[in-house]
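# Structural overview for review
Spelled out from the first residue to the last, the chains are:
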Amino acid sequence: MNTWRLIHSGFQSGSMNMALDEALLTAVAAGQSPPVLRFYRWRPATVTLGYGQSVATDIDLPACREAGLDVVRRLTGGRAVLHDQEVTYAVIAPWSSPAFGHSVLDCYRVIADVLLATLRQLGLPAALVPGKPRGGPRNVARAVCFSAPSQYELVIEGRKVAGSAQKRQGEVFLQHGSIPLEMDLALLGRVLKTASRPGETEQLASVGWLNHWAAKPFTQEVVETRLAEQFAAGLQCHWQVSEPSAAEQAMALKLCHEKYGHPDWNLKR
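In what follows, the accompanying structure is described.

Rules of the game
- Residues numbered from 1 in each chain as written.
- Predicted model: local features only at pLDDT ≥ 70, side-chain atom pairs only at ≥ 80, totals over all residues.
- Heavy atoms only, no water.
- Helix = DSSP H or I, 4+ residues; strand = E, 2+ residues; numbered from the N terminus.
- Buried < 20%, exposed > 50% of the residue type's maximum accessible area, 1.4 Å probe, protein only.
- Contact = heavy atoms within 4.5 Å.
- Areas by Shrake-Rupley, 256 points an atom, 1.4 Å probe, with all protein chains shown as cover.
- Polar contact = N/O pair within 3.5 Å; in protein donor to acceptor, adjacent residues only side chain to side chain.
- Salt bridge = Lys/Arg side-chain N within 4 Å of Asp/Glu carboxyl O.
- Pairing = 2+ DSSP bridges.
- Axes fitted to C-alpha atoms, helices over the stretch in contact; angles between N-to-C directions.
- Expected span 1.5 Å × (residues − 1).
- Phe/Tyr/Trp six-rings, centres within 6.5 Å; stacked < 30°, edge-to-face > 60°.
- Lys NZ or Arg CZ within 6 Å of the ring centre and 35° of its normal.

### Here's the deal with the overall build of the protein chain
The number of helices and strands found in the protein chain is nine helices and twelve strands. The buried share of the protein chain, taken over its 269 residues, is 55%. A separation threshold of at least 6 residues defines the contact pool for the protein chain, and within that pool the share at least 24 residues apart is 77%. When the accessible surface of the protein chain is totalled, it reaches about 11500 Å², and 54% of it is carbon and sulfur.

Put into structure tokens, the structure is as follows:
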């Protein structure tokens, strides 16, 4: 069986979380680290923007500031996500390995199968949504990641309960994703401007979170443990419990200061 690093990096700022993802991606791509599964949390709660999103049209910066939220741009694409009471994971591994099947969609599908098995093990009636994303680039839900299921994404009773985005660097990919345990729909609507767009308020009704269906609320620890078990089974790997190395931490701090914590990156569009 392959050895992977399992990293629980706990609470970090939004900029530091994105910096650690990139530092670990760089280390795996350079052959300095085996594949990584990382779990992390957010303090303060954070809105992440997809790489190509517009700050001016897709989020309400004053509302974010009023709510005490960090705002950071990801190195991956996709739509804006409000990260708060959730389980957040990052998978960093060679995409050419037999476990993943090479294509972007193959990688998404392998990870989606793990997420699906986890939620079903937790007793939730989760399903994978077939087909393509709804609408085009100008659809009414363009800003809200969790409102529009796409290929190999998880729903429960029609509500999307996991969001993910992917980036490739050489022979290695990073996929990070979030699984909300709770969701403040009113706050989500304010910071992502849904109230000001015709048709988008209704889209919030298709946003899901795990504890909406849980007989007893799930904790982050329980969901992370089940995910790690299912990843090990699905990827046929065993875990080496780890922390970011001194070099990875130094790179992350540099990226946090010069990139993810800087307005030139976060507000550039």
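The rest of the description comes next.
### Things to note about the side chain of Asn-266
Considering the arrangement of structural elements, one finds Asn-266 in helix H9 (residues 263–266). According to the relative accessible area criterion, Asn-266 is buried, its value standing at 6%. Among the polar contacts made by the side chain of Asn-266, one reaches the main-chain carbonyl oxygen of Tyr-260 at a distance of 2.7 Å. With sequence-adjacent residues up to four places away left out, Asn-266 is seen in contact with Leu-49, Val-55, Val-71, Val-72, Arg-73, Lys-259, Tyr-260 and Gly-261.

### Side note on the pattern of salt bridges
Inspection of every chain in the model, using the stated rule, returns nine salt bridges. Close ionic contact of Arg-5 with Glu-248 constitutes a salt bridge, the shortest N to O distance being 2.8 Å. Linking Arg-5 in strand S1 (residues 2–12) with Glu-248 in helix H8 (residues 246–260), this pair joins segments that are 243 residues apart in sequence. Judged by its relative accessible area of 6%, Arg-5 is buried. Of the charged contacts in the structure, one is a salt bridge between Arg-41 and Glu-221, with a shortest N-O distance of 3.4 Å. With Arg-41 in strand S2 (residues 36–42) and Glu-221 in helix H7 (residues 220–235), this pair connects stretches of sequence that are 180 residues apart. For Arg-41, a relative accessible area of 13% puts it in the buried group. Each of Arg-41, Glu-221 and Glu-224 takes part in a single network of salt bridges with overlapping partners.

### As for the sheet that holds strand S11 (residues 172–180)
With respect to topology, six strands assemble into an open sheet ordered S10-S11-S6-S2-S1-S12, the strand pairing being mixed. Each edge of the open sheet is held by one strand with a lone partner, namely strand S10 (163–169) and strand S12 (237–242). Strand after strand, the sheet turns through a mean of 20° between neighbouring axes, direction not considered. By the bridge criterion, five bridges tie S2 to strand S6 (residues 86–94) in an arrangement that is antiparallel. For Tyr-40, the partnering residue across the bridge sits in S6 and is Thr-88. Where helix H4 (residues 104–121) meets the sheet, it contacts S6, S10 and S11, and its direction lies at approximately 140° from that of S10. In the packing of H7 onto the sheet, the strands contacted are S1, S2, S6, S11 and S12, and the crossing angle to S2 comes to about 165°.

### Some thoughts on the sheet that holds strand S3 (residues 46–49)
Read from one edge to the other, the open sheet built from three strands follows the order S4-S3-S5, with strand pairing classed as mixed. Single-partner strands in this sheet number two, and they are strand S4 (70–73) and strand S5 (81–83). Ignoring which end each strand starts from, the neighbouring axes of this sheet average 25° apart. As defined by bridge partners, S3 adjoins S5 across three bridges and the pair is classed as antiparallel. Among the inter-strand pairings, Thr-48 is bridged to a residue of S5, identified as Val-81. Along the sheet, helix H1 (residues 14–29) contacts S3 and S4; its crossing angle with S4, the most-contacted strand, is approximately 25°.

### What about H7?
With 16 residues, H7 should cover 22 Å at 1.5 Å per step; its first-to-last C-alpha distance of 22 Å lies within 8% of that length. Among all positions in H7, only Gln-220, Val-223, Glu-224, Leu-227, Ala-228, Gln-230, Phe-231, Ala-232 and Leu-235 are buried. Where H7 is buried, its residues touch S1, S2, S6, H4, S11 and S12. Gln-236 lies just past H7 and shows a positive phi near 50°.

### Here we look at the packing of aromatic side chains
Under the criterion given, the structure shown has seven aromatic pairs. Measuring from ring centre to ring centre gives 5.6 Å for Tyr-40 and Trp-42, while their planes differ by 55°; the resulting arrangement is tilted. For the residue pair Tyr-40 and Trp-42, the accessibility class agrees, reading buried in each case. Consider the rings of Phe-100 and Phe-173, whose centres lie 4.9 Å apart with planes at 80°: the pair is edge-to-face. Here Phe-173 lies in strand S11 and Phe-100 lies in the loop between S6 and H4, a separation of 73 residues in the sequence. Using a relative accessible area of 2% as the deciding quantity, one classes Phe-100 as buried. Its guanidinium or amino end placed over the ring of Phe-11, Arg-43 lies 3.9 Å from that ring's centre, counting from NZ or CZ. The cationic tip of Lys-259 hangs over the ring face of Trp-265; the distance from NZ or CZ to the ring centre is 4.4 Å.

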